[in-house]
Amino acid sequence: MTFKIVLDEARRILEKAVVELGVPRVQYNFSKPPSDQLGDLSSNVAFIIAKTSGGRPGEWAERIASKADLSSSIYFTGVTAHPGGYVNFHLNMKNFAEFTLKNVLSDGRYGLPQAEPKQRISVEHTSVNPAHPLHIGHLRNVVLGDSLVRLLRASGHQVYVLNYIDDTGLQVAVALLGILELGLSPEPMKGTKADHHVGEIYVEANRKVESDPALQEKRRRISQQLERNQEPTATAAKNIVDRVVRAQLETCWRIGAEYDLLNFESQILKTGLWDKVFERLKEKGVAKLAKDGKFDGCWIMEGGDENEEEKVLVRSDGTTVYAAKDIPYAAWKLGMLEDPFRYGVFAEHHGKKLWATSDSGNPNPPERFNVVQRTISVIGVEQSRPQKFVKAALLALSPRGSGYHHLAYGKVALSPKTAKQIESGISSEGPVSMKGRTGMYVTADDAMDALKIKAAAETKKRNPEASPEWVEDISESIAVGALRYELIKQDLNKPIVFDMDEALRLEGDTGPYLMYSYARARSVLRKSGSFDMQNMNTTPPSDLEPSEKNLILAISKTELELEEALKYLSPRVVANHAYSLAMSFNLFYEKCPIMTAPDVALRDWRLLLTDCFSIVLARIMDIIGVPHPESI
RNA sequence: GGGCCCGUGGCCAAGUACGGAUCAAGGCGUCAGCCUGCGGAGCUGAAGACCGUGGGUUCAAAUCCCACCGGGCCCGCCA
């Protein structure tokens, strides 16, 4: 927050100078000068004025700087003009540092954005088919969604986390086929998780189905029975799905994600939501019956743009296509329909109830899950086109449809090397895409286990005296931190090529770097004894070292960075800021002795700075879900 | 063929929304250094980039516009 105050002050000074010069007001912005010598903050206002009023930017900068009135300024010591045209502000670092530290100590949510207005928002993520374990591609979805939820909540929004379970789809039908028709055992071996076991059945069954028309017919029948909720298939499916979902949840919880509601596809079908929505789509003229052409007999929806092809919603045989099934669920999410579901407790985690739609539940929702202004669905980019139709259908039903947001992300593929480790026959030059159907994937559990083993070895090496329980605990945290960071630090639309060896890195731009920096700061603070940080002197005793200044600036920019992350729904921005903050601290640590500072006043002030850094870094790490133990 | 996205040193990548300044972050890898000093999962230094190509707009382009090239995804009465 503190940096914002500085921006406001700079703006006031500039506005006043501009008015005095008698030129019209313009839109301009601020940036960081390339070097500290030039200043701490620069504005392009002179460039803009030169454009509208003529003249050279350098001259305007000179005029503005000479008119700058710093008489009542608390945070600036000077305003200078650069011949190139920039107007540069020089911070009174002593005042600014004091102000920043004071704020960190007194404001329990320093650095967090203030959502205005506060909204009710639901976020759907994970939504993995209950027929196999999560692989690292799914994990990208989970970690993005969960980090987004944390960011929204930290900003003051009320957020519900939804996880959609497609328990009637073809994938469950195939797994069931493996058990019912091919005699594959539904019971996992000891030590095997149910999702991994069913995943193997799923692969095996798929292999057989592919070359056998009779099995394909059986698969279709099972699938149909699932959609129509026919016994005994429905109950058999329910058993399998329940076990797989619980096993998948273990993985999700392990990585730090939590949910409020599981919504089962079977429940959506049962409530007849589709029929209601379909009626309304017909009334509004969005769904049209094709009378001829290649979609003769189908209900279709027009494409958004002129040259986009229409989309089939209902086939000529009366069945509904996959994308269309998303519409009623999305309409429910935004409260366009009466809530038809019954709710029961599916599980409890960390003392919090996880609800699920179910037959036997209570018709009164425990929370108003579908009374929200916005709903965000974390879904891969490959679904962008169908998602566009969902949004268009919602907008046709109600203006509230504008609250529907598809957060798209690129997929995760395997490096050729890692793919080869799974299946030696693979000979690919480029990335290999993961497929649940063929078993070509690295599971989230395996990736985490491998990371944990590596982390445990490193942790033991550095802490030879530590208890096995502690090492176990810490290496688990490191595995989580490393994997989460790895999956969100890059651009959303870029595909990630996952390489196992690469992912095992614990140095450089990684989650453990953040954890190490935090632990290092905490270690110093522990050794310093019992200071009363709240009552220490926030005024720097002497001029600041460049690395101290740098760290103060990094701390002070936290709110601006998180606001940007919030605006663009981009956890990556949070991760990047955490990294640069940690880097600033490590630089400070290297250059400025803390405990052995030349005098007591300076030592105490640096301890305070260290404390403030650790407070803010921990807060940011919480948003991206990277754990921050006191030592690692 | 049409639509969306991406192209920055050997590799990965920030910066692109809001165009600006003498060095275009950072990481991996390579080379050379720093623990008898608060944690070496760290830090310092070196080498390495005509920001895919070509045009355009502008006083100013990695950033905006156009074309092209290369890569990914999508374009089913599959899910």
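Residues numbered from 1 in each chain as written. Chains lettered and ligands numbered in written order. Predicted model: local features only at pLDDT ≥ 70, side-chain atom pairs only at ≥ 80, totals over all residues. Heavy atoms only, no water.

The mixed open sheet is built from three strands, whose spatial order is S16-S15-S17. Where the open sheet ends on each side, the last strands, each with one partner, are strand S16 (432-433) and strand S17 (496-498). Pairing between strand S15 (residues 412-414) and S16: two bridges, direction antiparallel. Each residue of the ladder has a partner; that of Ala 413, found in S16, is Ser 433. The strands touched by helix H5 (residues 136-154) within the sheet are S15 and S17, with S15 carrying the most contacts at an inclination of about 155 degrees. (Pairing = 2+ DSSP bridges. Helix = DSSP H or I, 4+ residues; strand = E, 2+ residues; numbered from the N terminus. Contact = heavy atoms within 4.5 Å. Axes fitted to C-alpha atoms, helices over the stretch in contact; angles between N-to-C directions.)

Another aspect to go through is unusual backbone geometry. At the junction of Glu 116 and Pro 117, the peptide bond is cis and its omega measures out at 0 degrees in the coordinates. In this fold, Pro 117 is placed in the loop between helix H4 (93-106) and strand S5 (120-124). Backbone torsion omega between Glu 231 and Pro 232 reads 0 degrees, so that peptide bond is classified as cis. Within the element layout of this structure, Pro 232 appears in the loop between helix H8 (213-227) and helix H9 (233-254).

The subject of this paragraph is the protein's contact with RNA strand B. What surrounds RNA strand B is a group of 58 residues, the closest being Arg 315, Arg 462, Tyr 516, Arg 520 and Lys 527. Among all atoms of RNA strand B positioned within 4 Å of the protein, those belonging to sugar or phosphate total 57%. Note that a phosphate oxygen of RNA strand B is positioned 2.3 Å from one of the side-chain N or O atoms of Arg 315. Looking at the surface near RNA strand B, the elements with two or more residues in it are helix H2 (45-53), helix H15 (444-462), helix H18 (511-527) and helix H21 (571-591). It is H21 that provides the largest number of residues to the surface near RNA strand B, a total of eight residues. Looking at the surface near RNA strand B, its residues break down into 27 nonpolar, 14 polar and 17 charged. (Near = heavy atom within 4 Å. Polar contact = N/O pair within 3.5 Å; in protein donor to acceptor, adjacent residues only side chain to side chain. Nonpolar A, V, L, I, M, F, W, Y, C, P; charged D, E, K, R; others polar.)

All chains considered together, the criterion is met by zero disulfides. Free cysteine: Cys 612, not disulfide-bonded; nearest cysteine sulfur from Cys 592 at 15 Å. Here Cys 612 falls in the buried class, since its relative accessible area comes to 0%. (Disulfide = S-S within 2.5 Å. Buried < 20%, exposed > 50% of the residue type's maximum accessible area, 1.4 Å probe, protein only.)

The next thing to look at is the pattern of salt bridges. Under the criterion given, the structure shown has 42 salt bridges. Here Glu 98 ties to Lys 102 by a salt bridge, and the two come within 3.0 Å at their closest N and O atoms. Of this pair, Glu 98 and Lys 102 both sit in helix H4, four residues apart, roughly one helical turn. Owing to a relative accessible area of 18%, Glu 98 belongs among the buried residues under this scheme. (Salt bridge = Lys/Arg side-chain N within 4 Å of Asp/Glu carboxyl O.)

It is the contact of helix H16 (residues 468-488) with H18, at a shortest axis distance of 7 Å, that shows an interaxial angle of 125 degrees. Considered as vectors, H16 and H18 are oriented oblique to each other. Residue-level inspection shows Ser 477, Ile 478, Gly 481, Ala 482 and Tyr 485 of H16 in contact with H18, the latter providing Gly 511, Pro 512, Leu 514 and Met 515. (Parallel < 35°, antiparallel > 145°, perpendicular 65-115°, else oblique.)

Burial of helix H19 (residues 546-556) is extensive: nine of the 11 residues sit out of reach of the surface. Within the span of H19, buried status applies to Ser 547, Glu 548, Lys 549, Leu 551, Ile 552, Leu 553, Ala 554, Ile 555 and Ser 556. If you follow the buried residues of H19, they end up packed against helix H1 (2-21), strand S4 (87-91), H4, helix H20 (558-567), H21 and helix H22 (600-624).

This brings us to the pairing of strand S14 (residues 404-409). By the criterion of burial, S14 is predominantly enclosed, with five of the six residues buried. Of the pairings in the sheet, the one linking strand S13 (residues 374-380) to S14 comprises six bridges and is parallel in character. Within S14, the position partnered with Gly 380 by the bridge is Tyr 409. You can see the chain leave S13, run along helix H13 (residues 384-397) and come back into S14, and the turn it takes is right-handed. (Right-handed = clockwise from strand over helix to strand, strands pointing away.)

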